[in-house]
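What the coordinates show
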Amino acid sequence: MLFGRSSDNKPAAPATPAAPSFEDQLPTLREFLREYNRIAEVCFNDCINDFTGRTTTTSENSCVNFCLEKFLKVTQRISQRFQEQQMLMNENQVVAGKAKGLFQ
């Protein structure tokens, strides 16, 4: 293969980007597990209070479901607000850049 062509004169296939390695994904995995453990602990401490049986009660199950649902909704809302603020900041930077003559 010489200069992007194979020996049979066919164009070489475009290079596909390499998938992130495990080491690259490790910080994201750690953050996910940290959040998972935090919410599990919060919901457990708030909802599970009867240790006399082997199973959870109906009220404990409902509480845990509500706790998790609330956490997910709050997280989603925070993410949406963060994204909205980022978009506003980007728009303000573009306007400021145009005022300074950085953009045409």
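Overview of the structure. Just so it is clear, the structure is predicted and the values come from calculations on it, not from any experiment. All chains use their own residue numbering, which begins from 1 and follows the written sequence. Only residues with pLDDT of 70 or above have their local features reported here, since the model is predicted, and side-chain atom pairs are shown and tallied only from 80 upward, although totals for entire chains, interfaces and linings are computed over all residues. Only hydrogens and water are set aside; all other atoms, that is, all heavy atoms of the structure, feed into the side-chain values.

A short note on helix H1 (residues 22–47)
Because the α-helix completes a turn every 3.6 residues, residues three or four places apart line up on one side. Helix and strand assignments come from DSSP, with helices taken as H or I runs of at least 4 residues and strands as E runs of at least 2, each series counted from the N terminus. Under the convention used throughout, the expected extent of a helix is 1.5 Å for every residue step, that is, one less than its residue count. Spanning 26 residues, H1 covers 35 Å between terminal C-alpha atoms, matching the ideal 38 Å at 1.5 Å per step. Bend, at a single residue, is the angle you get between axes fitted to the 7 residues ending at that residue and the 7 residues starting at it. Where H1 bends most, at threonine 28, the angle is about 25°. Accessibility here uses a 1.4 Å probe with only protein chains present; expressed as a share of the type maximum, an area under 20% marks a residue as buried, one over 50% as exposed, and anything in between as partly exposed. What H1 keeps buried is the set Ile39, Cys43 and Cys47. Contact partners of the buried residues in H1: helix H2 (58–99). A contact between two residues is defined here by any heavy atoms of the two lying within 4.5 Å.

Quick notes on a nonpolar patch on the surface
On the surface, Phe22, Leu29, Phe32, Leu33 and Tyr36 cluster together to form a nonpolar patch covering roughly 530 Å² of accessible area. Tracing the sequence through the fold places leucine 29 in helix H1. What makes leucine 29 partly exposed here is its relative accessible area of 37%. Residues enter patches when their relative accessible area tops 30% and they take part in no salt bridge; the joining distance is 9 Å for like charges and 5 Å for the nonpolar side chains Val, Leu, Ile, Met, Phe, Trp and Tyr. Surface accessibility in these figures is a Shrake-Rupley result with a 1.4 Å probe; residues are shielded only by whichever protein chains are displayed. Any Lys or Arg side-chain nitrogen found within 4 Å of a carboxyl oxygen on Asp or Glu counts as a salt bridge.

Structural notes on the pattern of salt bridges
A side chain of one charge can pair with a side chain of the opposite charge if their charged atoms are brought near each other. Inspection of every chain in the model, using the stated rule, returns 4 salt bridges. When the shortest N-O distance is used, the salt bridge between lysine 73 and glutamate 69 registers 3.0 Å. Taken as a pair, lysine 73 and glutamate 69 lie in helix H2 at a separation of 4 residues, close to a single helical turn. With a relative accessible area of 42%, glutamate 69 lands in the partly exposed category. The partner of arginine 81 in a salt bridge is glutamate 84, with the nearest N and O atoms 3.0 Å apart. Here the residue arginine 81 and the residue glutamate 84 both occupy positions in helix H2, the gap between them amounting to 3 residues, near one helical turn. A relative accessible area of 39% means that glutamate 84 is categorised as partly exposed.

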